[in-house]
Amino acid sequence: MADIRQQLYDRIKASTKESVILEEMKRLGFWKKEAGVPSLPEQLILKEADLIKELNTLLEQQRKYQNKEQALKEMRKARLEQSRAKREENKKLRQQKKEEKAARWKTQKERDILYLGDDVSKGLTNKESDTDKISKHSLPLIATVEELAKAMNTSVGTIRYLAYNRIVSKTTHYKRFFIPKKTGGQRLISTPMPKLKQAQYWVLENILNKIAVQDSAHGFIKKRSIVSNALPHVKAEVVVNIDMKDFFPTITYPRVKGVFQSFGYSEQIATILALICTEAECDQIELDGEIYYAAGMERFLPQGAPTSPALTNIICRKLDARLKGLATKLNFQYTRYADDLTFSASGEATANLKTLMGFMKKIIREEKLFIHPDKVRVLRKGARKEVTGIVVNDRPTVNAKKLDRFRALLFQIERDGLEGKHWENSPNLLASIKGFANFVAMVDPQKGKPLTERVNAILVKHQFKHEIKRKPKAVLLKEEELKRQQEAKKNKPWWKFW
């Protein structure tokens, strides 16, 4: 009832009391009139109602114009409130999008790698691999960074940390030191830290060691050695020894990346593996009591990483094939041990020496390697011919004069002790004599056996501690798993075998 009363009140307020009564009487059928022609009183009532509505509208407009400033203030206030509400809504929307983006990026970082520093991240978005090539080489099928981390038994974050190309950093993945060269000067050795070394050993054992290399290569390959490298040149009339200059630094990051891509791996995976296997020249700088490591612009193979020798053998496959073909055509023998190239020939073939030298230099230059100008030796008939430290005139043996000096050194150590003694510029006398004795035993077992016995006695007397080469973590985990399986098999009840 109250609602009906309010509705009537509103209608009367909007027009007039008489017009409302008129409308209701018409609705209820109490208003008698001629059809289609309104009576005069009715016209007056309707006209009055229209005038009242028009008057109310004008009065409302008048009130608004009379307080224009208040109207503007209320309008601005309404717009401001709308604007604030819109800003707050947009702010919440942006925050929501930001949080969603951060969550997506966090998830992506845990599963993928899209940036590893300037100049090396371009190909990280290319994830297309050639599974046929990978299978052809019997390599592990790795299509994503997640799969690589799982295969290495590590996390994506660790791989990112190890592969990141830092220009300036407070940390370094390598210990760097110099060792003296036999021919004088110093050689920079970069030994990887444990985490990086573990990753490099995985790459070596699961990828690089499965790639076949040329028969001419003898360095750092199972069942091949400096002895197998020297054997083809025994009794040759002419022996040519050539050393390559800056061999490891010449093998740069783009070439290493290309090697992994040639196996069928995507550019993303090849980039990561190449970064793990290379480093840039690094300077140590102290600033405000902090140590910083500033890296050079170009990455290359470090001498000291377990992957470097295998990579050089793979990269030099084309070089070895071309030089082997040249040598065969000219009736020469050819072998390579790391950066030492050796050619040899006898009889009429020695007349082709000049032709061999010309084409050989051209091939090495085309393969983007460099010959050391001071280390090209042509040993002719009558001279003592050595190949990687082994004399090959009649049979593989050790330099007699050097052997006499070594025997004399052992005698002096046995008589007077270690003080004041040295061997081949090595800072560690015991390690150096142990190494040379083993070298002699490998080349000439008959001469080497008594020497190793004497050296072992010296090592025991002076309490020489043998360095234990630790196995990579991946190998240890495999051995532990195999051991557990064997133990489980032993303890398995007999009826479960059926």
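Structure first, text after, so check above.
Residues numbered from 1 in each chain as written. Predicted model: local features only at pLDDT ≥ 70, side-chain atom pairs only at ≥ 80, totals over all residues. Heavy atoms only, no water.

### Looking at the overall build of the chain
To keep it simple, the criterion reads: Secondary structure elements follow DSSP: runs of H or I of four or more residues count as helices, runs of E of two or more count as strands, with numbering from the N terminus. When accessible area is computed with a 1.4 Å probe and restricted to protein chains, residues below 20% of their type maximum are described as buried, those above 50% as exposed, and intermediate ones as partly exposed. Should any heavy atoms of two residues lie within 4.5 Å, those residues are counted as being in contact. What sets the accessible areas is the Shrake-Rupley method with a 1.4 Å probe; for residues, cover comes only from the shown protein chains.
Summing up its helical and strand segments, the chain has 19 helices and 11 strands in all. Taken across its 498 residues, the chain has 35% of its residues classed as buried. If you take every contact in the chain between residues at least 6 apart in sequence, the share linking residues at least 24 apart comes to 66%. As displayed, the chain has an accessible area near 32,100 Å², and 53% of this comes from carbon and sulfur atoms.

### Digging into empty space enclosed by the protein
Applied cut-off: Only protein atoms enter the 1 Å grid, on which a cavity is a set of points fitting a 1.4 Å probe that cannot get out and a pocket is an open set with protein on both sides within 12 Å along at least 5 of 7 lines, lining residues being those with an atom within 4 Å of a point. Grid points are joined across faces, edges and corners, and a volume is the space filled by probe spheres set on the points.
On inspection of all chains with the given rule, the structure shows one cavity of 30 Å³ or more. By volume, the largest cavity is sized at about 270 Å³. Arg-166, Thr-172, His-173, Arg-176 and Arg-299 are, among the 22 residues lining the largest cavity, the residues nearest its centre. Within the residue set of the lining of the largest cavity, elements represented by two or more residues are strand S2 (174-180), helix H12 (267-277), strand S5 (279-287) and strand S6 (290-300). In terms of residues, the lining of the largest cavity owes the most to one element, S6, which gives four residues.

### Thoughts on the packing of aromatic side chains
Put simply, the test is: Stacked, edge-to-face and tilted are the three classes for Phe, Tyr and Trp ring pairs, Trp counted by its six-membered ring, which pair at centre distances within 6.5 Å; planes under 30 degrees apart are stacked, over 60 edge-to-face, the rest tilted.
One pass over the full model with this rule turns up nine aromatic pairs. Consider the rings of Phe-247 and Phe-248, whose centres lie 5.7 Å apart with planes at 75°: the pair is edge-to-face. Each member of the pair Phe-247 and Phe-248 is classed as buried. Put simply, the rings of Phe-406, Trp-423, Phe-436 and Phe-439 touch in pairs and so form one group of aromatic residues.

### Focus: the layout of surface pockets
We apply this condition: All residues other than Ala, Val, Leu, Ile, Met, Phe, Trp, Tyr, Cys, Pro, Asp, Glu, Lys and Arg, Gly among them, are scored as polar; the first ten of these are nonpolar and the last four charged.
Volume-wise, the second largest pocket comes out at about 430 Å³. In terms of lining residues, the second largest pocket is bounded by 17 residues, among which Leu-204, Asn-209, Phe-220, Ile-221 and Lys-222 are the most central. At the level of elements, helix H8 (194-206) and helix H13 (308-315) are the ones that each hand at least two residues to the lining of the second largest pocket. The element that contributes the greatest number of residues to the lining of the second largest pocket is H13, accounting for four residues. Of the residues that constitute the lining of the second largest pocket, the class distribution is 12 nonpolar, two polar and three charged.

### A word on unusual backbone geometry
With glycine set apart, most residues show a phi of negative sign, and most peptide bonds adopt trans. Of note, the phi angle at Ala-338 is positive, near 60°, even though the residue is not glycine. One can find Ala-338 in the loop between strand S7 (333-337) and strand S8 (340-345).

### What about the sheet that holds S6?
Operational definition: The rule for pairing is simple: two strands pair if DSSP sees at least two bridges between them.
On the basis of which strands lie adjacent, the open sheet formed by three strands has the order S1-S6-S5 and antiparallel pairing. Since the sheet does not close on itself, it has two edges, and those belong to strand S1 (168-169) and S5, each with one partner. Note that S5 and S6 share eight bridges and pair antiparallel. The partner of Glu-279 across the bridge, within S6, is Phe-300.

### A look at the environment of Arg-384
Rules: Polar contact is the term for a pair of N or O atoms within 3.5 Å; when the atoms are in protein, one must be able to donate a hydrogen and the other to accept it, and sequence-neighboring residues count only if both atoms are side-chain atoms.
Secondary-structure assignment places Arg-384 in the loop between strand S9 (371-379) and strand S10 (386-387). A relative accessible area of 47% means that Arg-384 is categorised as partly exposed. Separated by 15 residues in the primary sequence, Arg-384 and Asn-399 place their C-alpha atoms 8.9 Å from one another. For Arg-384, the residues in contact, after removing those within four places along its chain, are Leu-379, Val-391, Asn-393 and Asn-399. In this structure the side chain of Arg-384 is engaged in a polar contact, spanning 3.1 Å, whose partner is the side chain of Glu-386.

### As for the pairing of S6
Both S1 and S6 contribute to a ladder of two bridges, which runs antiparallel. Bridge pairing in S6 places Ser-169 opposite Tyr-293. Linking S5 to S6, which pair antiparallel, is a turn of two residues; within it Asp-288 sits at a positive phi near 55°.

### Description of the nonpolar core
The test is simple: Note on terminology: a nonpolar core comprises buried Ala, Val, Leu, Ile, Met, Phe, Trp, Tyr and Cys residues joined through side-chain atoms within 4.5 Å.
Met-152, Ile-207, Leu-208, Phe-260, Phe-263, Ile-272 and Phe-343 are the most contacted members of the largest nonpolar core, which has 70 residues in total. The biggest single contributor to this core is H12, with eight residues. Apart from residues lying up to four places away in sequence, Ile-272 is in contact with Ile-113, Leu-116, Leu-124, Val-145, Leu-148, Ile-159 and Ala-163. Counting residues in hydrophobic clusters, the runner-up holds 29 residues, among them Ala-236, Val-387, Phe-406 and Val-440.

### Comments concerning a nonpolar patch on the surface
We apply this condition: Candidates for patches are residues over 30% relative accessible area with no salt bridge; among them, like charges are joined within 9 Å and nonpolar side chains (Val, Leu, Ile, Met, Phe, Trp, Tyr) within 5 Å. Every case where a carboxyl oxygen of Asp or Glu lies within 4 Å of a side-chain nitrogen of Lys or Arg is listed as a salt bridge.
Taken together, the side chains of Ile-4, Leu-8 and Ile-12 define a hydrophobic patch exposed on the protein surface, amounting to about 240 Å² of accessible area. Tracing the chain through its elements places Leu-8 in helix H1 (residues 2-14). The class for Leu-8 is partly exposed, based on a relative accessible area of 33%.

### Comments concerning the environment of Tyr-265
Mapped onto the elements of the fold, Tyr-265 is located in the loop between helix H11 (253-262) and H12. The exposure class of Tyr-265 is buried, given its relative accessible area of 3%. For the pair formed by Tyr-265 and Pro-140, sequence separation is 125 residues and the distance between their alpha carbons is 9.8 Å. Leave out the neighbours within four places in its chain, and Tyr-265 touches Ser-129, Ile-134, Leu-139, Pro-140, Ile-142, Ile-207 and Phe-260. One polar contact links the side chain of Tyr-265 to the main-chain carbonyl oxygen of Pro-140, over a distance of 2.7 Å.

### As for the side chain of Gln-268
With respect to the helices and strands, the residue Gln-268 is situated in helix H12. Relative accessible area serves as the criterion here: at 1%, Gln-268 is assigned to the buried category. In this structure Gln-268 touches Asp-112, Ile-113, Gly-123, Leu-124, Asn-126, Lys-127 and Val-145, once residues within four positions along its chain are discounted.

### Focus on the sheet that holds S8
Definition in use: Axis lines are fitted to C-alpha atoms, over the contacting stretch for helices. Their N-to-C directions set the angle, which ranges from 0 to 180 degrees.
Spatial strand order, S7-S8-S4-S9: four strands in an open sheet with antiparallel pairing. Of all strands in the sheet, those bounded by a partner on one side alone are S7 and S9. Neighbouring strand axes in the sheet, compared pairwise and without regard to direction, differ in orientation by 15° on average. Bridge count between strand S4 (residues 238-244) and S8: six bridges; the pairing is antiparallel. The partner of Ile-242 across the bridge, within S8, is Leu-341. The sheet strands contacting helix H14 (residues 317-329) are S4, S7 and S8, and the helix crosses S7 at an angle near 155°. Packed on one face of the sheet, helix H15 (residues 353-366) meets S4, S8 and S9 and runs near 155° to S9.

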